[in-house]
Amino acid sequence: MKPDTGAGAAPGMRPWGFVVWFGTVSLLADVVYEGARSVTGPLLASLGASSLVVGVVTGAGEAAALGLRLVSGPLADRTHRFWGLAIAGYALTVVSVPLLGVAGVLWAACVLVIAERVGKAVRSPAKDTLLSHATAATGRGRGFAVHEAMDQIGALVGPLLVAGVLALTGDDYAPALGVLAVPGAAALGLLVRLRSRVPDPEAYERGAAPKAPRAAAGGRLPTAFWTYAAFTAATTTGFATFGVLSYHLVQRHLLVTAWVPVLYAGAMAVDAVAALVTGWLYDRYGPRVLVALPVLTAAVPCLAFTHTLAPAAAGSLVWGAAMGIQESTLRAVVADLVPSGRRATAYGVFAGAVGAASLAGGALTGGLYGYSVPVLITVVVVIQVLALALLGVTTTRRTRPRTG
């Protein structure tokens, strides 16, 4: 099968230009799916879902987004169809979200929530691998952080757009999610254009380190990678989904539905700042900066599941900070641990471990929330202590990253 990367072609733009334009694609796509995710909890509740159903469905969605990369990652490495997989994955998300607004019944809405996440599974290993080549020249932490920060501009705009339409239409989900088809189409058009400009992004990495050998696609993944994946899975197991957080806010009458996306937008703004700060620190100090992630994860339920608005809202913002680290610096570490020939596979395996943890975490937080919030907090804190121990093992097995 012929690769679709156009191997041997010189990049049509500078590395930072590639990062920024790819970030623009992600910005537009985030308007679409983060707009939808900001109201997933209330939308499912309006169709009769319980807290457990919301937790399981949103957790299963994240599991699909991550676990299915066990297939799409190796597929990308074998076929080198990085661009084709990225485009297909974005297309599935763009189609699923507007349909979610008109689903009308709980089972169909649940299917579409998971389908949107499947789109992310299809595209993400290929997308992260394409981006990792450019960040070899810009600095791993900084490159992934800038990309994530641009993501979060879209994650800020999308929920605010949905909130505005909900307010104007009396909480009608059909127009609120239907309007998101416009930025989705723009994202697909720009992605196709970017592929024509830079058919072979790996040339960035060859230029940044011309003497570094390219690993064969069949080699083993490094031991440090497996320890690192275990750490990430552990910290994710205790991480509540925003679906459960928003369910609490609405069911406890702390916020009306139209204001939930506004709070989500605030969390996404915090996400962007956290990504930039930890990305910059990572390029200088290595994975030790990730100690912040278990600490933030443990703080989320302590704040978010209270019965007054101020600490509950603060918990959502802390959730956003943890998401910023998860979506940027965690991915940068994988690129430094694994050579390019196995990188899409590594991203797939890494995401598979995190996906299983996301499903467990969604069910755990959703189930224990309905049983006992103090028990939920205790369990999450214990899990994060274990995660910190695994991070300590990872940092002793890994050398300091290149700064690019």
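Residues numbered from 1 in each chain as written. Predicted model: local features only at pLDDT ≥ 70, side-chain atom pairs only at ≥ 80, totals over all residues. Heavy atoms only, no water.

**Side note on the overall build of the protein chain**
Looking only at helices and strands, one finds 18 helices and 0 strands in the protein chain. Its C-alpha atoms give the protein chain a radius of gyration of 20 Å, within 12% of the compact-globule value 22 Å for 404 residues. Across its three principal directions, the C-alpha atoms of the protein chain cover 60 × 45 × 30 Å. Each of the 404 residues in the protein chain was classed as buried or not, and the buried ones make up 59%. Residue pairs at least 24 apart in sequence account for 87% of intrachain contacts in the protein chain once pairs closer than 6 positions are excluded. If you sum the accessible surface of the protein chain, you get close to 14,500 Å²; carbon and sulfur atoms cover 70% of it. (Helix = DSSP H or I, 4+ residues; strand = E, 2+ residues; numbered from the N terminus. Rg over C-alpha atoms; globule rule 2.2 N^0.38 Å. Buried < 20%, exposed > 50% of the residue type's maximum accessible area, 1.4 Å probe, protein only. Contact = heavy atoms within 4.5 Å. Areas by Shrake-Rupley, 256 points an atom, 1.4 Å probe, with all protein chains shown as cover.)

**Brief notes about the confidence of the model for the protein chain**
When pLDDT is averaged across the protein chain, the result is 83; 92% of the residues are at 70 or more. Every residue in residues 210-217 scores below 50 in pLDDT, and together they form 10 contacts with partners more than four places removed in sequence or on other chains. Taken together, the stretch residues 399-404 has pLDDT below 50 and engages in 18 contacts with residues farther than four places along the chain or on a different chain. (pLDDT = per-residue confidence, 0-100.)

**Notes on the side chain of Q326**
Topologically, Q326 is positioned in helix 15 (residues 309-327). Those residues in contact with Q326, other than ones at most four positions away along the chain, are T236, F239, L293 and R331.

**Notes on the pattern of salt bridges**
Applying the stated rule across the entire model yields 6 salt bridges. Of the charged contacts in the structure, one is a salt bridge between R117 and E116, with a shortest N-O distance of 2.8 Å. Judged on exposure class, the residue R117 and its partner E116 are both buried. Here R142 ties to D283 by a salt bridge, and the two come within 3.5 Å at their closest N and O atoms. Of this pair, R142 sits in helix 7 (residues 140-169) while D283 sits in helix 13 (residues 260-285), and the two are 141 residues apart along the sequence. One continuous salt-bridge network, built from bridges that share partners, spans K127, D128 and R331. (Salt bridge = Lys/Arg side-chain N within 4 Å of Asp/Glu carboxyl O.)

**Quick notes on the packing of aromatic side chains**
With the rule as written, the count across this model stands at 9 aromatic pairs. Measuring from centroid to centroid gives 5.5 Å for F18 and F22, while their planes differ by 75°, and the two rings are edge-to-face. Linking F18 with F22, this pair stays in helix 1 (residues 15-37), spanning 4 residues, or about one helical turn. Residues F22 and W83 carry aromatic rings whose centres are separated by 5.8 Å and whose planes lie at 10° to one another, so their mutual orientation is stacked. Within this pair, whereas F22 is found in helix 1, its partner W83 is found in helix 5 (residues 82-100), the two being separated by 61 residues in sequence. Under the relative-accessibility criterion, W83 is labelled buried at 0%. Here a set of aromatic residues connected by ring pairs shows up, and it is made of F18, F22, W83 and Y204. A cation sits over an aromatic face here: R123 above Y90, 4.4 Å from the ring centre. (Phe/Tyr/Trp six-rings, centres within 6.5 Å; stacked < 30°, edge-to-face > 60°. Lys NZ or Arg CZ within 6 Å of the ring centre and 35° of its normal.)

**Structural notes on the environment of G170**
As for its placement among the helices and strands, G170 is situated in the loop between helix 7 and helix 8 (173-178). Note: C-alpha distance between G170 and E148 (22 residues apart in sequence) is 32 Å.

**A closer look at the nonpolar core**
Within the largest apolar cluster, 106 residues are counted, with the highest numbers of intra-cluster contacts made by F18, F22, F225, Y228, L290 and W319. The leading source of residues in this core is helix 1, at 11 residues. Not counting residues up to four positions away in its chain, the partners in contact with Y228 are L290, T329, L330, V333, V334, L337, F350 and T394. (Core = buried A, V, L, I, M, F, W, Y, C linked by side-chain atoms within 4.5 Å.)

**Describing the packing of helix 1 against helix 7**
At a closest axis distance of 7 Å, the pairing of helix 1 and helix 7 adopts a crossing angle of 30°. In terms of orientation, helix 1 and helix 7 fall into the roughly parallel class. Taken as a pair, helix 1 and helix 7 cross one another with a handedness that is right-handed. In terms of residue class, the contact of helix 1 with helix 7 is built from 13 nonpolar, 9 polar and 4 charged. (Axes fitted to C-alpha atoms, helices over the stretch in contact; angles between N-to-C directions. Parallel < 35°, antiparallel > 145°, perpendicular 65-115°, else oblique. Left-handed = near helix turned anticlockwise from the far one by under 90°. Nonpolar A, V, L, I, M, F, W, Y, C, P; charged D, E, K, R; others polar.)

**Thoughts on the packing of helix 12 (residues 242-251) against helix 15**
Following both chains from N to C, one finds helix 12 and helix 15 inclined at 170°, their axes separated by 11 Å at the closest point. As judged from the angle between their axes, helix 12 and helix 15 are roughly antiparallel. Relative to helix 15, the crossing made by helix 12 is left-handed. Facing helix 12, whose interface residues are F242, L245 and L249, helix 15 presents A312, G315, S316 and W319. When its residues are assigned to classes, the contact of helix 12 with helix 15 shows 5 nonpolar, 2 polar and no charged.

**Considerations on helix 5**
Its 19 residues place the ends of helix 5 28 Å apart at the C-alpha level, agreeing with the 27 Å of an ideal helix rising 1.5 Å per residue. Of all the positions in helix 5, only F82, W83, L85, A86, G89, Y90, T93, V94, S96, V97, P98 and L100 are classed as buried. (Expected span 1.5 Å × (residues − 1).)

**What to know about helix 7**
The α-helix advances 3.6 residues per turn, and as a result positions three or four apart in sequence lie on the same side. When the terminal C-alpha atoms of helix 7 are compared, their 44 Å separation across 30 residues agrees well with the 44 Å that a helix rising 1.5 Å per residue should span. Taken from the residues just after helix 7, G170 is the one with a positive phi, measuring 70°.

**Section: the environment of S51**
Mapped onto the elements, S51 comes out in helix 3 (residues 51-67). Judged by relative accessible area, S51 falls into the buried class, the value being 14%. For the pair formed by S51 and I87, sequence separation is 36 residues and the distance between their alpha carbons is 34 Å. Among all residues touching S51, those that are not within four sequence positions of it are Y247, G366 and Y369.

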